[in-house]
Amino acid sequence: MTTEFSSTLNYVTCTLSKGVGEMILDRVDKHNAFDEVMIGEMISALEYFAEDPACQVLVLKANGRSFSAGADLNWMRKQAKMDFEQNLNDANELAKLMSLLDKFPKPTIALVQGAAFGGALGLICCCDIAIANERASFCLSEVKLGLIPAVISPYVTRAMGQRAARRYMLTAERFDAAKAQDLQVVHEINNDLESAAEPIIRHLLSNSPQGMAWVKTLLSRLEGGVIDQDTLDHTSERIAKIRVSDEGQEGLNAFFEKRTPQWNSSTDNTQGAK
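None of these values were measured; they are calculated from a predicted model. (Residues numbered from 1 in each chain as written. Predicted model: local features only at pLDDT ≥ 70, side-chain atom pairs only at ≥ 80, totals over all residues. Heavy atoms only, no water.)

Peer 1: Please set out the environment of Arg174 residue by residue, giving values where relevant.
Peer 2: Mapping Arg174 onto the fold places it in the loop between helix H7 (162-171) and strand S8 (175-176). Separated by 37 residues in the primary sequence, Arg174 and Ser137 have C-alpha atoms spaced 6.7 Å apart. Beyond its immediate sequence surroundings of up to four residues, Arg174 is in contact with Phe117, Ser137, Phe138 and Cys139. (Helix = DSSP H or I, 4+ residues; strand = E, 2+ residues; numbered from the N terminus. Contact = heavy atoms within 4.5 Å.)

Structure below.
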């Protein structure tokens with residue numbers, strides 16, 4: 001079904017093999033710059049993979065020399081002629097894309113080569129894990145155009161911190177892969193992106209799908225950094241509930257019986273959000 005679904009898309013290619021889904025930006029002639037069509041296709045791909053129990057890990061990557069140059073110039077020209085309501089609808093779709101990727105119920109890995117500008121940086125910061133090659137280059141260039149990186153700002157600021165966000169959103173200067181690693185935008189630098197991802201994917205595939213989904217929703221809940229009674233109650237409820245769940249029981253029993261756990265790939269990972 002993945003091949004059939006992928007055939008309906010123009011700018012995104014989707015593959016699925018041995019539990020690993022790939023959402024590949026494939027608009028090479030435009031350096032994978034995205035417009036409203038490509039954003040819609042990425043939304044569709046994320047919704048498709050989220051619902052497919054065969055997909056246990058999602059890799060976001062891109063064909064060509066660039067990961068993504070950010071917003072497509074022709075799309076930006078159209079935006080300049082739109083009224084407020086049209087621009088709001090347009091922005092809401094980009095916000096939906098970022099939110100879907102950020103809250104995707106399975107682990108996500110971004111593999112970044114070459115340019116990653118503007119909204120592309122938002123996609124990277126929404127992923128759980130990011131690996132870049134040495135020639136990767138990053139930029140939050142919006143203020144050069146009289147704009148702001150509004151929709152992506154929550155995710156970029158969460159990754160690099162408020163102080164660094166102030167600098168790079170205000171200066172619009174480029175920074176390289178080494179700086180991106182210092183800023184925690186990427187976790188690792190490796191010129192062989194596929195090989196670097198392999199051991200990470202192997203670890204992820206061996207883990208409880210439900211456990212990983214619940215980790216993501218738990219961390220989302222804790223983003224505010226507040227540790228109050230509500231936080232204590234919530235975390236206690238979460239561990240108690242997962243201990244008595246099917247996958248929690250299987251994981252514990254497998255550990256004590258010294259065997260490999262048999263995870264149920266059809267587990268409803270959305271339970272982690274409750």
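Peer 1: Could you give me a rundown of a nonpolar patch on the surface, with the residues and numbers involved?
Peer 2: A surface patch of nonpolar side chains, about 250 Å² in accessible area, is lined by Val215, Leu219 and Leu222. As for its position among the elements, Leu219 is in helix H10 (residues 209-221). Note on Leu219: relative accessible area 52%, which makes it exposed. (Patch = residues over 30% accessible without salt bridge, like charges linked within 9 Å, V, L, I, M, F, W, Y side chains within 5 Å. Areas by Shrake-Rupley, 256 points an atom, 1.4 Å probe, with all protein chains shown as cover. Salt bridge = Lys/Arg side-chain N within 4 Å of Asp/Glu carboxyl O. Buried < 20%, exposed > 50% of the residue type's maximum accessible area, 1.4 Å probe, protein only.)

Peer 1: Mind laying out the pattern of salt bridges, listing which residues take part and the relevant values?
Peer 2: Overall, the coordinates contain 14 salt bridges when judged by the stated rule. One salt bridge in this structure joins Lys216 and Asp128, with 2.9 Å as the shortest N-O distance. With Lys216 in helix H10 and Asp128 in the loop between helix H5 (119-126) and strand S6 (129-132), this residue pair connects regions lying 88 residues apart in the sequence. The class of Asp128 is partly exposed, set by a relative accessible area of 31%.

Peer 1: I'd like a description of unusual backbone geometry, backed by residues and values.
Peer 2: Leaving glycine out, the prevailing phi sign among residues is negative, and the prevailing peptide bond configuration is trans. In the Ramachandran plot, His31 falls in the positive-phi region, its phi being about 55° despite a non-glycine side chain. Mapped onto the elements of the fold, His31 is located in the loop between strand S2 (20-25) and helix H2 (36-51). Its identity as a non-glycine residue notwithstanding, Gln184 has a phi of 65°, on the positive side.

Peer 1: Provide a residue-level description of the nonpolar core, including the pertinent values.
Peer 2: Of all hydrophobic cores here, the largest spans 56 residues; its most connected members are Met42, Phe67, Val112, Phe138, Met160 and Val185. No other element matches the 8 residues that H2 contributes to this core. (Core = buried A, V, L, I, M, F, W, Y, C linked by side-chain atoms within 4.5 Å.)

Peer 1: Please give an account of the packing of aromatic side chains that cites residues and values.
Peer 2: The final tally for this structure, using the stated rule, is 5 aromatic pairs. Aromatic pair Phe5 and Tyr48: ring centres 4.3 Å apart, planes at 5°, arrangement stacked. Separated by 43 residues along the polypeptide, Phe5 in helix H1 (residues 2-6) and Tyr48 in helix H2 bring together distant segments of the chain. Its relative accessible area of 16% is what places Phe5 among the buried residues. With 5.5 Å between their ring centres and 15° between their planes, Phe138 and Phe175 make a pair best called stacked. Of this pair, Phe138 sits in strand S7 (residues 137-139) while Phe175 sits in strand S8, placing them 37 residues apart in sequence. Stacked on the ring of Trp214, the Lys or Arg Arg238 has its end atom at 4.4 Å from the ring centre. (Phe/Tyr/Trp six-rings, centres within 6.5 Å; stacked < 30°, edge-to-face > 60°. Lys NZ or Arg CZ within 6 Å of the ring centre and 35° of its normal.)

Peer 1: Give me the sheet that holds strand S3 (residues 57-62): which residues, what numbers.
Peer 2: Strands belonging to one sheet form pairs held by backbone hydrogen bonds; the direction of such a pair is parallel or antiparallel. The strand order across the open sheet built from 6 strands is S1-S2-S3-S4-S6-S9, with neighbouring strands paired in mixed fashion. Among the strands making up the open sheet, the edge pair consists of strand S1 (12-17) and strand S9 (188-189). Pairing of S2 with S3 involves 6 bridges; the strand directions are parallel. Counterpart to Glu22 in the pairing with S3 is Val59. (Pairing = 2+ DSSP bridges.)

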